[in-house]
Amino acid sequence: MGLPPPAPLLLGLLLLLGIPRPLWGDLVFLPAFIRMTGPAVTASLVGGTEDVTVSLTLLQDKEGLLPVPACGVLTNETGDWSLTVTPTVNALEVTVRLERGRQRCSSNETESSSESPCMVQALLVSASRNSSCLAHLLIRVEIYANSSLAHNASENVTVIPNQVYQPLGPCPCNLTAGACDVRCCCDQECSSDLTELFREACFTGIFGGDVSPDSDHLCSVQESRGAPGWFPFLCVQSSPANSPFLGYFYHGSLSSQRRASFGVHLHADLRDLSDFGYKQGDPIMTVDKTYFTIPQVSLAGQCVQNAPVAFLHNFDVRCATNLEAYQEQDGGVIHAKIKNGAVGGIVTPRVTYEEAADPDAFITRTGTLLSNESASRNVNVEEHYIFRWNNNTISEITVKIIRAEINAHQKGIMTQRFTVKFLSYNSGEAKEFSGNPGYQLGKPVRALDINRMNNERTLHLWQSAGRGLCTSATFKPVLFGEDTLSGCLLEVGIHENCTRLRENAAELLDSLVQATHVAMRGNSDYSDPSDGWLEIIRADAADPGAAPPLSVHGLCADVPARLHIRILVSDAGAVEGMTQHEIVGVETRFSTVNWQFQCGLTCEDKADLFPVSASVQFIKIPAQLPRPLTRFQINFTEYDCNRNEVCWPQLLYPLTHYYQGEPYSQCVAKGLLLVSFFVLAAFLSNPWTRTCKANA
């Protein structure tokens, strides 16, 4: 059953008249034709919608012809259909909805032809003003028997059996719903005639429906499978219904859905184990059984105000705070009572204050003060925490707070800095090492400048802020083992002198490496240049004065734009099983580009942005050259452990040089102890006992 032949003609006429009418400002439905397969459809009526009446009618075909649309006798309720009009901005939203699902298909019709629609109708929505038709919407309804209108979803709830007592998938090879699967003899949708065609080739095992086979340990399988003579003494007496294959396809456990969250999760039930000593990573607790918190930066880059401080975890972060929302919190630090890790032990922080030398370096003003009132307030721009630890306890806490005095009505953004350092109780005021003796991952690379009195240096990278300009960028140290790329923007005008541009770019890049030597180890002594200090190799140093012959406004050649820092590292042994890393070479290299002023439609005399960048790459090299392969190893690759599953050179793995878990002396001692056990077991075994009795 389908629409009569005039329906396509009416559809084409409506589309032909409806497409250009929005351009003229006339009333029109968008779209003008809808094929409906669900319970509701929506269209928009655009144009002059004032005093417009929208109506719905059911088109009844008579002898294969559709009636001529009329707008004078339409109603909003037509049988099972309803019409809803919702005003929107410069349009009307028209919704046609089927009020109740009608059982148009009988069971016989569904079984005979499930692909044919059981409800086929034609609806016409008309818009009129003063009984004059202005626009039409034709809806073709095709609702199928297997749609949600013909069946109530609540009546077909799937009951999942308990997999402990009944298999979840009694017929795993039944893959097609409503059809017979070939070679699947457990498929209930296969008739007996179809099953006879492939009964000799049915799927076997669990996939073929044998989801609860008899276990090989049951005593009932002895006669059918030819068990050995000792089987009756070790077999299991159990019911066949208690099968170990229950739950084979599905474990049956349920878990609630966990939604992803980018916030920092804090446990509501705080576990306080500080009375038994702190371990690395444990949160530091107060006597009120709360976390001792300091603002920190989360993985999403946002500042978390109430972030717990972890034991033996150092950090140095910067947070941007709005001055209007700033609240002074250092009073809580003064009166805080922190558990030191022993039963009943309490540590009170010792706080000292200093005044900031340049408050404008921390505050970005966003407005101008309208009044000259003298009221002021203090804000904390830096907070430095030092924790002294002894074994698994905290012996002392010192806090240095740097304050700045600003106007009470000042508006802007303040950049705060928070640092936490854990130092040993007997370390004194000595500088912190980057490792002992080798470098630790994440520690700053130590550098030295032998040409200056204060020779302590470190390699730096840019840490841009705001617009990313080099003039406002700060420095951050190069951390061992972390490949990093940073950069900033340099303002350049169209009439920029090329020589001065090269000098400025070279000076910016040179400011990152204000050192002549780099420490090989993490504990190299600054006062002794011979204590493992490597000279930095400067390849292709930039020469700003070497100007090329080309001199054009807005175009400069060979401008230093990038600094490459390559650091060679290697493993230098192990201390107590911990691998020690050391630096064996450092090289810096410049890359140049040809800069050209970027013009829009016209070249205006305004500043252009020239990007400069710096990259750090750690390259690991072997401490010793690998042994060359022998001719036997080259020709016979079956002994290569990297190409085969069986590795004969690692047969006695704990006694070979491949094993790095324990010192070699301990491995040999344990191996000899194991050999002694085997010798003792062999001596006390039955053949030796018989030999001793025979000799007696």
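Residues numbered from 1 in each chain as written. Predicted model: local features only at pLDDT ≥ 70, side-chain atom pairs only at ≥ 80, totals over all residues. Heavy atoms only, no water.

- In the nomenclature of an unreviewed UniProt entry, the protein is known as Tectonic family member 2 of Neovison vison.
- Its UniProt record gives the protein the following Sequence similarities (unreviewed entry) comment, quoted word for word: "Belongs to the tectonic family."
- The annotation that UniProt attaches to the protein under Subunit (unreviewed entry) is "Part of the tectonic-like complex (also named B9 complex)." (UniProt positions renumbered as here; feature names shortened; annotations may be inferred.)

## Looking at the sheet that holds strand β30 (residues 608-620)
Alright, step 1. Spatially, β24-β30-β28-β29-β27 is the arrangement adopted by the five strands of the open sheet, whose pairing is mixed. Each edge of the sheet is formed by a strand with only one pairing partner; in this case those strands are β24 (484-492) and β27 (537-539). Taken over all neighbouring pairs, the strand axes of this sheet differ in orientation by 20° on average, direction set aside.
Alright, step 2. Inspection of the sheet shows β24 paired to β30 by nine bridges, in the antiparallel sense. (Pairing = 2+ DSSP bridges. Helix = DSSP H or I, 4+ residues; strand = E, 2+ residues; numbered from the N terminus. Axes fitted to C-alpha atoms, helices over the stretch in contact; angles between N-to-C directions.)

## Looking at the state of the cysteines
Alright, step 1. Across all of its chains, the model carries seven disulfides by this definition.
Alright, step 2. With its sulfur 2.0 Å from that of its partner, Cys171 forms a disulfide with Cys186. Here the disulfide of Cys171 and Cys186 is right-handed, its torsion about the S-S bond being about 80°. Placement of the pair is Cys171 in the loop between β9 (132-144) and α4 (192-197) and Cys186 in the loop between β9 and α4, with a sequence separation of 15 residues. By the burial criterion, Cys171 is buried, and Cys186 matches it.
Alright, step 3. Across the disulfide, Cys173 is cross-linked to Cys184 (sulfur-sulfur distance 2.0 Å). Looking along the S-S bond of the Cys173-Cys184 disulfide, the torsion reads about 75°, which is the right-handed sense. Separated by eleven residues along the polypeptide, Cys173 in the loop between β9 and α4 and Cys184 in the loop between β9 and α4 bring together distant segments of the chain.
Alright, step 4. Taking relative accessible area as the criterion, Cys184 reaches 1% and is therefore assigned buried. (Disulfide = S-S within 2.5 Å. Buried < 20%, exposed > 50% of the residue type's maximum accessible area, 1.4 Å probe, protein only.)

## A closer look at the packing of aromatic side chains
Alright, step 1. Scanning all chains against the criterion turns up nine aromatic pairs.
Alright, step 2. Relative to Phe422, the ring of Phe311 has its centre 5.7 Å away and its plane inclined at 75°; by these criteria the two rings are edge-to-face. Of this pair, Phe311 sits in the loop between β11 (303-304) and β12 (315-322) while Phe422 is found in strand β19 (residues 412-424), placing the two residues 111 residues apart along the sequence.
Alright, step 3. Judged by relative accessible area, Phe422 falls into the buried class, the value being 7%.
Alright, step 4. Measuring from ring centre to ring centre gives 5.5 Å for Phe480 and Phe618, while their planes differ by 70°; the resulting arrangement is edge-to-face. Here Phe618 lies in strand β30 and Phe480 lies in the loop between β23 (474-477) and β24, a separation of 138 residues in the sequence.
Alright, step 5. What makes Phe618 buried here is its relative accessible area of 13%.
Alright, step 6. The ring of Phe203 has Arg183 lying over it, and the distance from NZ or CZ to the ring centre is 4.4 Å.
Alright, step 7. Over the aromatic face of Tyr353 sits the side chain of Arg403, whose NZ or CZ is 4.3 Å from the ring centroid. (Phe/Tyr/Trp six-rings, centres within 6.5 Å; stacked < 30°, edge-to-face > 60°. Lys NZ or Arg CZ within 6 Å of the ring centre and 35° of its normal.)

## Thoughts on the sheet that holds strand β20 (residues 446-448)
Alright, step 1. If you trace the four strands from one edge of the open sheet to the other, you get β21-β20-β25-β26, paired in antiparallel fashion. The sheet terminates laterally at β21 (456-458) and β26 (533-535), the two strands that pair on one side only. Along the sheet, successive strands turn relative to each other by an average axial angle of 40°, direction set aside.
Alright, step 2. Taken together, the two bridges between β20 and strand β25 (residues 517-519) define a ladder with antiparallel strand orientation. Considered in β25, the bridge of Leu448 is made with His517.

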